[in-house]
Amino acid sequence: MDLTTFSIKANCILDEAGLYEHIRLALERNLPLIGEYDAHKGTAILVGSGPSVRGQLESIRKQQQAGHAVFAIKDAHDWLIENGIIPDYAVAVDPQEHRWNCFTKKNPAVTYLIASQCHPAMFEHLKDMDVQLWHLYIKEGQTYPPNSLLVTGGTTTGLRAITLLYSMGYR
């Protein structure tokens, strides 16, 4: 059997200069940063917006009532709220301008964990909400922003959220 070597290269929809500009603008807002290991305890319930979540509403509701923190990934935020569940947190990573629209049903009970690389429109849309900032590790040897926790992970919000939640102390 002959093996073929190949490589996979993933690229963000925004170039490095654009990501760093978004980060710079986010930092100018002086939002609180999530801390490295914020000492949260317990279990986090991470809710995405794929089709398999439709049958899980009662399970999510019971988990939240049991004291577990519910984290909504982008579009799951509005879906949960429409179905009577206010997530404790909502997470976004996407640097595209239109992605603010995954939080059309803003709620003051939600803490919005928004990656600094998100478009300024996201921060403007959430300016009256509880927003905490965090930074993605986006390239090898990254030193910007300086002296910051850089969250590693995959190329999707869900994959980064797993590492983010872990860094916050959730299991």
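Since the structure is predicted, the reported quantities are computational estimates derived from the model, not experimental observations.

Thresholds applied
- Residues numbered from 1 in each chain as written.
- Predicted model: local features only at pLDDT ≥ 70, side-chain atom pairs only at ≥ 80, totals over all residues.
- Heavy atoms only, no water.
- Salt bridge = Lys/Arg side-chain N within 4 Å of Asp/Glu carboxyl O.
- Helix = DSSP H or I, 4+ residues; strand = E, 2+ residues; numbered from the N terminus.
- Buried < 20%, exposed > 50% of the residue type's maximum accessible area, 1.4 Å probe, protein only.
- Pairing = 2+ DSSP bridges.
- Contact = heavy atoms within 4.5 Å.
- Axes fitted to C-alpha atoms, helices over the stretch in contact; angles between N-to-C directions.

Draft legend 1. Highlighting the pattern of salt bridges. Considering all chains together, one arrives at nine salt bridges under this definition. Linking Glu58 and Arg61 is a salt bridge whose minimum nitrogen-to-oxygen distance equals 3.2 Å. Of the two residues, Glu58 and Arg61 both sit in helix α2 (residues 57-65), three residues apart, roughly one turn of that helix. Its salt-bridge partner being Asp128, residue Lys106 comes within 3.2 Å of it at the nearest N-O pair. Within this pair, whereas Lys106 is found in the loop between β3 (89-92) and β4 (111-115), its partner Asp128 is found in the loop between α4 (120-125) and β5 (130-136), the two being separated by 22 residues in sequence. Of the residues examined, Lys106 reaches a relative accessible area of 30% and is grouped as partly exposed.

Draft legend 2. Seen up close, the sheet that holds β4. Here we have six strands laid out as an open sheet, ordered β1-β2-β3-β4-β5-β6, and parallel in their pairing. The outermost strands of the open sheet, each flanked by one partner alone, are β1 (44-47) and β6 (150-151). Note that β1 and strand β2 (residues 69-73) share four bridges and pair parallel. Paired with Val47 across the strands is Ala72, a residue of β2. Where helix α5 (residues 157-167) meets the sheet, its contacts fall on β1, β2, β3, β4, β5 and β6, and the angle it forms with β1 comes to roughly 170°.

Note that every value here comes from positions in space, so none of it alone points to a role or purpose.
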